[in-house]
Amino acid sequence: MEEQTSMYRIHGGSEITGSITCYGAKNFATKAMVASLLGEGVTRLCNVPPIGDVNLSLEMIQSLGVNIEHVNETEISIDPSSLSTSRVVLPEHRSNRIPVLLLGGLLHTFDEVVVPNVSGDKIGKRPIDFHTQALRQFGAEVEMGEDGYVARKTGRLQGTRLSLPYPSVGATENSLFLAVKAEGETIIENAAVEPEIMELITMLRGMGAIIFTGPGREIRVVGVSQLSGTFMHILGDRIEAASWASLACAADGEITVKGIRPETLGNFLSYFREVGGGFRLESEHSITFYRERELTPTSVTTDVYPGFSTDWQQPFAVLLTQADGTSLIHETVFDDRFGYLEALNTLGAETEVQTTCPERESCRFKGENYPHTAYIYGKTVLEANEKTIHIPDLRAGLAYIIAAAITEGAVYVTGVEEVERGYGDIVQKLQNVNLDIERV
Ligand code: EPU
């Protein structure tokens, strides 16, 4: 664990107004870096977010012998020609999910890949069985060794037909990495189709991969023996954009969010409108969010794309504390993602988490005793009273900042390294919309 040394002091109640430019999507930038390792030439990535998770991924990839040049703060070039080892080591006890993807990303180049066993955010069990099953179907052997997971192959990986038990983002990405240079055709059934996956497919196509998508969740890949480098612009972060929308509406302010393609927000915009949020499309990459009327409660089920993203629910939950009546969030992607609500209750929110699915709805967690259904009873006045709350995971961190922004008085938020891992210099962005926040 990294030492938690800093905290935010947030004095809520100021009028939230201004504009914020979203960074490139964390959850695509790091995958694009892995994809670049599959090419024979240099890949240039622009709009790369200057955040901790990207730096960690870059360090990890660099330690494999890969040459990385920073063209400027948000543009890098990656030259994998000097890739010299396939033993992935995490720098300084920091961790993210990228090592799992390097199993697929490196196994074309090396006959053995070793990656550490990583956990990621504290939001559920997060097994990697779909990944290991996919690797096996392509002809690799996988086992858990002393240093983590070891994948081995003899000869070229073989295209296959695989059906993911659930449309996992990471397992779809790993399967794509394995399929693009495998021998023959691969069909991935029940694949994830998040916008970041579609961007990854575009990037791989740019490198020479042959990938066919259809209207459903099936992806067909015809393996090629070689890929080249490419150029890729990292799309704006739709999770970040939705968080600013929730902040604007919860605080009854107005934020113009730039650097985001509105279509990547999909159903979020409709849920937002339904609870009382308003927005204006300003340009192809810019949306202004505000509160249109008194907020009303709603029921949200998180789901894979195009459903309501599990990464949107935490800031949205804070918004729902300001709606008059009972709202419900049914989390069906991760099994334990409501731990953050407890601290919100200490500020005056009234929420309750249950292990059962809501009435007339069920999900794959039914009967599993997972705390995956949350009730939010509004409208509540949040009170700061100089309280300290600790960020348990990245997305919860932003929820806490929004909660602090709508309380009267000062709140101290600890564990800020977690939020900066995904959002970078968030203090500056928040000061730009007039939030009274400082890092102390
Ligand atoms: N799952 C398995 N076995 C597997 C893989 C996944 O059971 O082998 C389960 C997971 O436990 C989970 C569900 O499938 O219940 C979905 O997991 P998925 O694989 O889709 O998630 P991921 O690839 O690990 C990415 C993002 C998450 C985001 C999810 C869902 C990255 C680095 N992470 O995780 O982002 O919530 O997809 O969209 O891309 C975040 O950014 O804060 C974050 C957690």
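Residues numbered from 1 in each chain as written. Predicted model: local features only at pLDDT ≥ 70, side-chain atom pairs only at ≥ 80, totals over all residues. Heavy atoms only, no water.

1. Considering the sheet that holds strand β7 (residues 141-145)
Short version of the rule: We call two strands paired when DSSP finds no fewer than two bridges between them. The numbering of helices and of strands both runs from the N terminus, where a helix is a DSSP run of H or I of at least 4 residues and a strand a run of E of at least 2. What counts as an axis is a line fitted to C-alpha atoms, over the stretch in contact for a helix, and the angles between N-to-C directions run from 0 to 180 degrees.
Strand order in the open sheet formed by three strands is β6-β8-β7, with antiparallel pairing between adjacent strands. The open sheet has two edge strands, β6 (112-115) and β7, and neither has a second partner. Pairwise comparison of adjacent strand axes, ignoring direction, gives a mean angle of 20° for this sheet. Across five bridges, the pairing between β7 and strand β8 (residues 148-152) is antiparallel.

2. Here's the deal with the environment of Val193
As a reminder of what qualifies: When accessible area is computed with a 1.4 Å probe and restricted to protein chains, residues below 20% of their type maximum are described as buried, those above 50% as exposed, and intermediate ones as partly exposed. Residue contacts follow a heavy-atom distance rule, with two residues in contact if any of their heavy atoms lie within 4.5 Å.
Looking at the secondary structure, you find Val193 in the loop between β10 (185-189) and α6 (195-206). With a relative accessible area of 17%, Val193 lands in the buried category. Between the alpha carbons of Val193 and Pro306 there is a distance of 7.9 Å; along the sequence they are 113 residues apart. Excluding residues within four positions of it along the chain, Val193 makes contact with Met198, Gly216, Arg217 and Tyr305.

3. Observations regarding the packing of helix α8 (residues 268-275) against helix α9 (residues 313-320)
Stated formally: Roughly parallel here means an angle under 35 degrees, roughly antiparallel means over 145, roughly perpendicular means 65 to 115, and every remaining angle is called oblique. Charged residues are taken to be Asp, Glu, Lys and Arg, nonpolar residues to be Ala, Val, Leu, Ile, Met, Phe, Trp, Tyr, Cys and Pro, and polar residues to be all remaining types, Gly included.
It is the contact of α8 with α9, at a shortest axis distance of 12 Å, that shows an interaxial angle of 10°. As the angle between them shows, α8 and α9 are arranged roughly parallel. The residues of α9 that touch α8, namely those facing Phe268, Tyr271, Phe272 and Val275, are Phe316, Leu319 and Leu320. Grouping the amino acids of the contact of α8 with α9 by side-chain chemistry returns seven nonpolar, no polar and no charged.

4. Notes on the pattern of salt bridges
Which entries qualify depends on this criterion: By definition here, a salt bridge exists when the distance from a side-chain nitrogen of Lys or Arg to a carboxyl oxygen of Asp or Glu is within 4 Å.
Under the defined criterion, the tally for this structure stands at 21 salt bridges. Residues Lys31 and Glu173 are paired through a salt bridge, measuring 3.0 Å at the closest nitrogen-oxygen approach. Here the residue Lys31 occupies a position in helix α1 (residues 26-36), and Glu173 occupies one in helix α5 (residues 169-180), the gap between them amounting to 142 residues. With a relative accessible area of 9%, Lys31 lands in the buried category. What makes Glu173 buried here is its relative accessible area of 1%. Of the charged contacts, one joins Glu143 and Arg152 as a salt bridge, the two residues approaching to 3.5 Å between their closest N and O atoms. One network of salt bridges, with partners in common, ties together Lys26, Asp53, Glu418 and Arg421.

5. Side note on the layout of surface pockets
In plain terms, the rule: Definitions used for this entry: grid spacing 1 Å over protein atoms alone; cavity, a set of points where a 1.4 Å probe fits but cannot get out; pocket, an open set with protein on both sides within 12 Å along at least 5 of 7 lines; lining residue, one with an atom within 4 Å of a point. Grid points are joined across faces, edges and corners, and a volume is the space filled by probe spheres set on the points.
Of the voids in this model, the largest pocket is the one considered here, and its volume is about 1100 Å³. Considering the residues around the largest pocket, the lining is formed by 50 residues, among which Arg97, Arg126, Val169, Gly170 and Phe334 are closest to the centre. When residues of the lining of the largest pocket are traced back to their parent elements, those giving at least two are α1, α3 (98-106), α4 (129-137), α5, α7 (238-250) and α11 (394-405). A total of four residues in the lining of the largest pocket trace back to one element, the largest contributor, which is α1. Looking at the lining of the largest pocket residue by residue, the class counts come to 19 nonpolar, eleven polar and 20 charged.

6. Looking at the environment of Gly325
With respect to the helices and strands, the residue Gly325 is situated in strand β18 (residues 325-330). Non-local contacts of Gly325, meaning those with residues more than four positions away in its chain, are made with Pro297, Ile376, Tyr377, Gly378 and Lys379.

7. Regarding the site of the ligand
Defined as follows: Definition of nearness: a residue and a molecule or strand are near each other if at least one heavy atom of the residue lies within 4 Å of the molecule or strand. Pairing of N or O atoms within 3.5 Å defines a polar contact, subject to two protein rules: one partner must be a possible hydrogen donor and the other a possible acceptor, and residues neighboring in sequence count only if both atoms are side-chain atoms. Working definition of accessibility: Shrake-Rupley area with a 1.4 Å probe, residue cover restricted to the visible protein chains.
Taken together, the neighbourhood of the ligand is formed by 24 residues, with Lys31, Ser168, Val169, Val333 and Arg395 sitting nearest. One nitrogen or oxygen atom from the main chain of Val333 is found 2.5 Å from an oxygen atom belonging to the ligand. Here an oxygen atom of the ligand sits 3.0 Å away from a polar atom, N or O, in the side chain of Arg364. When the ligand is considered free in solution it has 830 Å² of accessible area, and contact with the protein chains removes 92% of it. When residues of the shell around the ligand are traced back to their parent elements, those giving at least two are α1, α4, α5 and α11.

8. With respect to the packing of aromatic side chains
For clarity, the threshold we go by: Two rings from Phe, Tyr or Trp (for Trp, the six-membered ring) form a pair when their centres are within 6.5 Å of each other. A pair whose planes differ by under 30 degrees is stacked, one over 60 is edge-to-face, and the rest are tilted. Definition used: whenever NZ (Lys) or CZ (Arg) falls within 6 Å of the ring centre and also within 35 degrees of the ring normal, the charge is taken to sit over that ring.
Evaluation of the coordinates by the stated rule reveals eleven aromatic pairs. Ring centres 5.8 Å apart and planes at 70° place the aromatic pair Phe268 and Phe316 in the edge-to-face group. Of the two residues, Phe268 sits in helix α8 while Phe316 sits in helix α9, which places them 48 residues apart along the sequence. Accessibility classification places Phe268 together with Phe316 in one group, the buried group. Seen from the ring of Phe279, Arg273 lies directly overhead, with NZ or CZ sitting 4.3 Å from the centre. Between the NZ or CZ atom of Arg364 and the centre of the ring of Tyr166, over which it lies, the distance is 3.7 Å.

9. Details of helix α2 (residues 52-62)
Within the span of α2, buried status applies to Asp53, Val54, Leu56, Ser57, Leu58, Met60 and Ile61. Elements in contact with the buried residues of α2: α1, β4 (67-72), β5 (75-79), α3 and α12 (416-423).

10. Focus on the packing of α7 against α9
One can describe the packing of α7 onto α9 by two numbers: an axis separation of 9 Å at closest approach and a directional angle of 10°. Relative to α9, the element α7 lies roughly parallel. For the pair α7 and α9, the contacting residues are Ser243, Ser246, Cys249 and Ala250 in the first and Pro315, Phe316 and Leu319 in the second. For the contact of α7 with α9, a count of residues per class yields five nonpolar, two polar and no charged.

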